[in-house]
Amino acid sequence: MKNLFSRGSSPARRVLLLVAAALLLLFLDSFTPWLQPARKWMAEATVPLYWLTSLPSRLSEYGDESVVGRRQLEEENEQLRTELLILKGRMQRMTEVVAENVRLRNLLNATEMLKDRVLVAELVGVSPDPSRHTIIINRGEEQGVYVGQAVLDADGLMGQVIEVYRSSSKVLLITDSAHAVPVQVVRNGGRSIAEGMGDFGKLSLRYVPPTTDIVVGDQLVSSGLGGRFPVGYPVGTVTAVQTISGESYLEVNLAPAARIDRSRHLLLLFSALETLGAGDLGGE
């Protein structure tokens, strides 16, 4: 064999020998398992060669994907930010809708406990004067609203109508410093007058003697005296009872039962007191 591939051998003879060797290898590979280990080794050895030959195309594809991918990511991020903003806006609206449904449900539950005829109204305006606790509601003469009519929310007494227009009315809230309502203690029936203090979260009782049986936590409702408000509607809960040195009366503070500064949907109460007409702002 060495002599066959020596310098003196002719090219034709070498080609024939190579062809014969190739045919022999093909025969052995096809009909015997002798060359399988060599084939596996050769296949594994050529893997890096394939990877190296495909490297330029891979780099080109990577560059194209990086450029296009970044542009697409920026566009997608911008789109997602826009969608997120829209969804947040809708969520805020949904939160308000859910809260409004809860308020309306509470309002409907409150109407089931009322024996008098009621009309649902909505707050549409608040007095810009901080010293005056008045609101505007969207019910007026067209709906039969009258001066002196009691106004409630889902939790308690809100105030009374003081001015009536064609399709709206002005309501004086019980927390206004000019408002007073006769009340009685649920626990023992003790009577007094609850006055506004110009504070949405506070009322006070007028002329409470030191011997009066009243304690923190007592609930007060409208007494019906004075012919202004029907009897039995929640007004407030006692939060403080103090003795003032040198004074002949107790200082008694209440937290209003109604959500004075938060309620939006209200109830106008139609009762037998309507026939009494307008009078004082809740005094006896």
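Described below are features of the structure shown in this document.

Before going further, it helps to examine the environment of L254. With respect to the helices and strands, the residue L254 is situated in strand β11 (residues 250-256). Expressed as a C-alpha distance, the spacing of L254 and D218, which sit 36 residues apart in the sequence, is 9.2 Å. Beyond its immediate sequence surroundings of up to four residues, L254 is in contact with A194, G201, K202, L203, L205, L220, T237, V238 and T239.

In this section: the layout of surface pockets. Considering only enclosed or pocket space, the second largest pocket measures out at about 170 Å³ in volume. Around the second largest pocket, the lining residues are M197, S204, L205, R206, Y207, I244, E247, Y249, L250, E251, V252 and N253. Secondary structure elements with two or more residues in the lining of the second largest pocket: β8 (202-206) and β11. With four residues, β11 is the single largest residue contributor to the lining of the second largest pocket. Here the residues of the lining of the second largest pocket sort into seven nonpolar, two polar and three charged.

Turning our attention to the pairing of β8. The pairing of strand β7 (residues 191-199) with β8 spans five bridges and is antiparallel. Paired with A194 across the bridge in β8 is L205. As consecutive antiparallel partners, β7 and β8 are separated by two residues. Note: β8 against β11, two bridges, orientation antiparallel.

Here six strands make up a closed barrel; going around it, the order is β1-β2-β5-β4-β3-β12 and the pairing antiparallel. Ignoring which end each strand starts from, the neighbouring axes of this sheet average 45 degrees apart. With five bridges joining them, strand β4 (residues 157-164) and strand β5 (residues 169-173) adopt antiparallel strand pairing. Paired with Q160 across the strands is L172, a residue of β5.

Attention now moves to the side chain of Q160. Note on placement: Q160 falls in strand β4. Taking the relative accessible area as the measure of exposure, Q160 reaches 1% and is therefore buried. In terms of polar contacts, Q160 uses its side chain to reach the side chain of H179, at 3.0 Å.

Scoring rules and cut-offs
Counting restarts for each chain: residues are numbered from 1 in the order of the written sequence. Whole-chain, interface and lining totals are the exception, using all residues; otherwise, since this is a predicted model, local features are given only for residues with pLDDT of at least 70 and side-chain atom pairs are given and counted only at 80 or more. Each side-chain value is worked out from all heavy atoms of the structure, with water and hydrogens disregarded. Here a helix means four or more residues in a row that DSSP labels H or I, a strand means two or more in a row labelled E, and each is numbered from the N terminus. Two residues form a contact once any of their heavy atoms are found within 4.5 Å. Using protein atoms alone on a 1 Å grid, points that fit a 1.4 Å probe yet trap it form a cavity, whereas open point sets bounded by protein on both sides within 12 Å along at least five of seven lines form a pocket; residues with an atom within 4 Å of a point count as lining. Grid points are joined across faces, edges and corners, and a volume is the space filled by probe spheres set on the points. Lys, Arg, Asp and Glu make up the charged group, whereas Ala, Val, Leu, Ile, Met, Phe, Trp, Tyr, Cys and Pro make up the nonpolar group; the residues left over, Gly among them, are polar. In this description, strands pair whenever DSSP reports at least two bridges between them. Comment: axis = line fitted to C-alpha atoms, over the contacting stretch for helices; angle = value between 0 and 180 degrees taken between N-to-C directions. Any residue under 20% of the maximum accessible area for its type is buried, any over 50% is exposed, and the rest in between are partly exposed; the area is computed with a 1.4 Å probe on protein chains only. We call two N or O atoms a polar contact when they sit within 3.5 Å, provided that within protein one can donate a hydrogen and the other can accept it, with sequence-adjacent residues counted only if both atoms are side-chain atoms.

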